[in-house]
Amino acid sequence: MTVDFFISYADDDLTWAEWIGWQLENEGYTVRLGAWDHEIAGGNSVLARDRDLQVAKRLIAVVSPSYRLSPQSSAEWSSFLRDDPSGEGLTVVPVQVEPVSRSALLGNLTPVVLHGLSEKQASAALGEAVTRTRLKPSQEPGFPGRGAPQFPRRGIPARMRADTKFLLALLLFDGAFFLYGATSYNGDGGSGDLKRAVFAIVAFVFTIGTVKRWFTRRF
């Protein structure tokens, strides 16, 4: 009797291996996993592992730093690559559960990366990895050519920038102040006229500087 998947994992990644096995069996696949099938009381775990490696169609490699250091794991996936050295048969599916640099051999096989995903996203990614042989999207891609330019709708003015608003408010203030100064000018050289003149000069210099900065940013 053949089974769909043999799950190869390091002892440190048992929880990931069991989660993957559970997801696959829920989708109707048959799975062999050491903690579930090789540790039965009274059974021979070595013979059971060897039997399941022979009858499994494909191997799931639960890739992590611990997996790379496990000699047992290397023996398991290498037995599948021996029969499918080019990887065209997709008999070995690396499932990366922790960040890890690619090894010399498994690095040639594109992994499905589960770490950093939510449970729902990881389940979907795993399902796609074991079923899809092409990456053609399920929906038609959008047209990549240049579309017609988008013009603002009539009657809806473009939003005014903050610096332009500030400049307009400053000009309105200056205009109001100069009007006030012109109407309240006495011409006798008193302190009131002097203060208004000094303030007008300061406001004029500040306004000129603001206009220059606005013009530089916009043009």
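Trainee: Explain the overall build of the protein chain to me, please; I cannot follow it from the model alone.
Mentor: When helices and strands are tallied, the protein chain shows eight helices and five strands. Put simply, the protein chain runs from its N terminus to its C terminus through helices and strands in the order β-α-β-α-α-β-α-α-β-β-α-α-α. Across the 219 residues of the protein chain, 34% fall into the buried class. Considering only contacts within the protein chain whose residues lie at least 6 apart along the sequence, 63% involve residues at least 24 apart. Per element, the accessible surface of the protein chain, about 15,400 Å² overall, is 59% carbon and sulfur.

Trainee: It is not clear to me how the sheet that holds strand β1 (residues 3-8) should be interpreted in this structure. Could you clarify?
Mentor: Sheet architecture is open: five strands sit in the order β2-β1-β3-β4-β5, paired in parallel fashion. A strand with exactly one partner marks an edge of an open sheet, and here the two such strands are β2 (31-33) and β5 (112-113). Judged from the five bridges that link them, strand β3 (residues 56-63) and strand β4 (residues 92-96) form a sheet pairing that is parallel. Each residue of the ladder has a partner; that of I60, found in β4, is V93.

Trainee: I keep staring at the confidence of the model for the protein chain and nothing clicks. Help me out?
Mentor: Detailed reading of predicted coordinates is not advised where the pLDDT is low. Scored by pLDDT, the protein chain has a mean of 79; 79% of the residues are at 70 or more. Across the protein chain, the secondary-structure element scoring lowest on mean pLDDT is helix α8 (residues 191-218), at 70, and the one scoring highest is helix α1 (residues 14-26), at 94.

Trainee: I tried to follow the nonpolar core on my own but got confused; where do I start?
Mentor: In globular proteins that are soluble, nonpolar side chains generally tend to be buried together. With 20 residues, the main nonpolar core has I7, I20, L24, I60, V62 and V95 as its most contacted residues. Broken down by secondary-structure element, the contributors of at least two residues to this core are β1, α1, β2, β3, β4 and α6 (119-131). Setting aside residues no more than four positions away along its own chain, I7 makes contact with A17, I20, G21, V31, R32, L33, I60 and V62. L53, A56, V100 and L109 belong to the second largest nonpolar core, which has 16 residues in total.

Trainee: Just checking my understanding: could you explain the pairing of β1 for this structure?
Mentor: If a strand is regular, its side chains alternate between the two faces of the sheet. For β1, a buried count of six out of six residues is recorded, marking the element as mostly surrounded by other parts of the structure. As paired elements, β1 and β3 share five bridges and run parallel to each other. Across the sheet, the residue bridging to V3 is A56, located in β3. Here β1 pairs with β2 via three bridges, running parallel. Paired with I7 across the two strands is L33, which belongs to β2. What joins β1 to β2 is α1, and the crossover it makes is right-handed.

Definitions and cut-offs
Residues numbered from 1 in each chain as written. Predicted model: local features only at pLDDT ≥ 70, side-chain atom pairs only at ≥ 80, totals over all residues. Heavy atoms only, no water. Helix = DSSP H or I, 4+ residues; strand = E, 2+ residues; numbered from the N terminus. Buried < 20%, exposed > 50% of the residue type's maximum accessible area, 1.4 Å probe, protein only. Contact = heavy atoms within 4.5 Å. Areas by Shrake-Rupley, 256 points an atom, 1.4 Å probe, with all protein chains shown as cover. Pairing = 2+ DSSP bridges. pLDDT = per-residue confidence, 0-100. Core = buried A, V, L, I, M, F, W, Y, C linked by side-chain atoms within 4.5 Å. Right-handed = clockwise from strand over helix to strand, strands pointing away.

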